[in-house]
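# Secondary and tertiary structure notes
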Amino acid sequence: LEEDLPKMASMKNESADLGLLHRDEKGELRDSFSNRRVIIFSCSAYRAMCDSLYDQFQSGAGVILYRMGEGYGRKLVKGMPELGLSKEDMVDALSKLSYVAGWGKLTIKVSEDGSSDAVLEESAFTLRREGIGETTCYFMSGVLAGGASEIFGTVYKTQEMKCASRGESKVCRFTVRTKKSE
Ligand SMILES: [Zn+2]
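Before going into details, it helps to say that this report is about the structure given with it. (Residues numbered from 1 in each chain as written. Predicted model: local features only at pLDDT ≥ 70, side-chain atom pairs only at ≥ 80, totals over all residues. Heavy atoms only, no water.)

### Digging into the pairing of strand 3 (residues 105–110)
It is a general feature of regular strands that their side chains alternate between the two faces of the sheet. Quick note on the threshold: By the convention used here, strands pair only if DSSP detects at least 2 bridges between them. Helix and strand assignments come from DSSP, with helices taken as H or I runs of at least 4 residues and strands as E runs of at least 2, each series counted from the N terminus.
Direction of pairing for strand 3 relative to strand 4 (residues 116–121): antiparallel, over a ladder of six bridges. Across the sheet, the residue bridging to Lys 109 is Asp 117, located in strand 4. Where strand 3 folds back onto strand 4 in an antiparallel hairpin, the turn is made up of five residues, including Gly 114, whose phi is positive at roughly 90°.

Set out below in structure tokens:
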């Protein structure tokens, strides 16, 4: 047993993550903090899904993925407990959700004017496909835009500036701006 202790200690975080999910009496998978029904999304199947979109819609696939993310981000923020959460707390919660959901380690810096810069380490959304441009994390861009729009109450747009799908950057970098600040 003692030999196993260091191994178990290092597994602590993983098992904490596994405790985030449970099944209800109907066998539906739910997250343990909001008790909402969730699904597990395979990254490789996500990429295959994106491939199908790009096969049919070419650059339009990026717009579709962005819009999906936008709706997703808005709803995530709407689902946060309303009482006692400052805007800062909500931004923080979005970062934590990103990590919990396995999207990657998200750091968001918000400026006084409400615009922000975000860094995503180990993005789950990078795509390797010829001819789709320098940045590929459209779903995540949409989540950041939708989340910011919901938190700050005005329409935000996200631009991915650097993407880890291209060799020179290890992280993905995003700017989140209001439409009028462009
Ligand atoms: Zn990226």
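The rest of the description comes next.
### As for the sheet that holds strand 4
Cut-off, in case you're wondering: Whenever a helix is involved, its axis is fitted only over the stretch in contact; in every case the axis is a line through C-alpha atoms, and angles between N-to-C directions fall within 0 to 180 degrees. Throughout, a residue-residue contact means that at least one pair of heavy atoms, one from each residue, lies within 4.5 Å.
Spatially, 3-4-6-5 is the arrangement adopted by the four strands of the open sheet, whose pairing is antiparallel. Only two strands of the sheet have a single neighbouring strand rather than two, namely strand 3 and strand 5 (156–162). Each adjacent strand pair in this sheet contributes to an overall mean axis angle of 20°, direction not counted. Where strand 5 meets strand 6 (residues 171–178), six bridges bridge the pair, whose relative direction is antiparallel. Across the sheet, residue Thr 158 finds its bridge partner in strand 6, namely Val 176. Contacting strand 3 and strand 4, helix 4 (residues 87–100) crosses the sheet at an angle of about 165° to strand 3. Contacting strand 3, strand 4, strand 5 and strand 6, helix 5 (residues 138–152) runs over the sheet at an angle of about 145° to strand 5.

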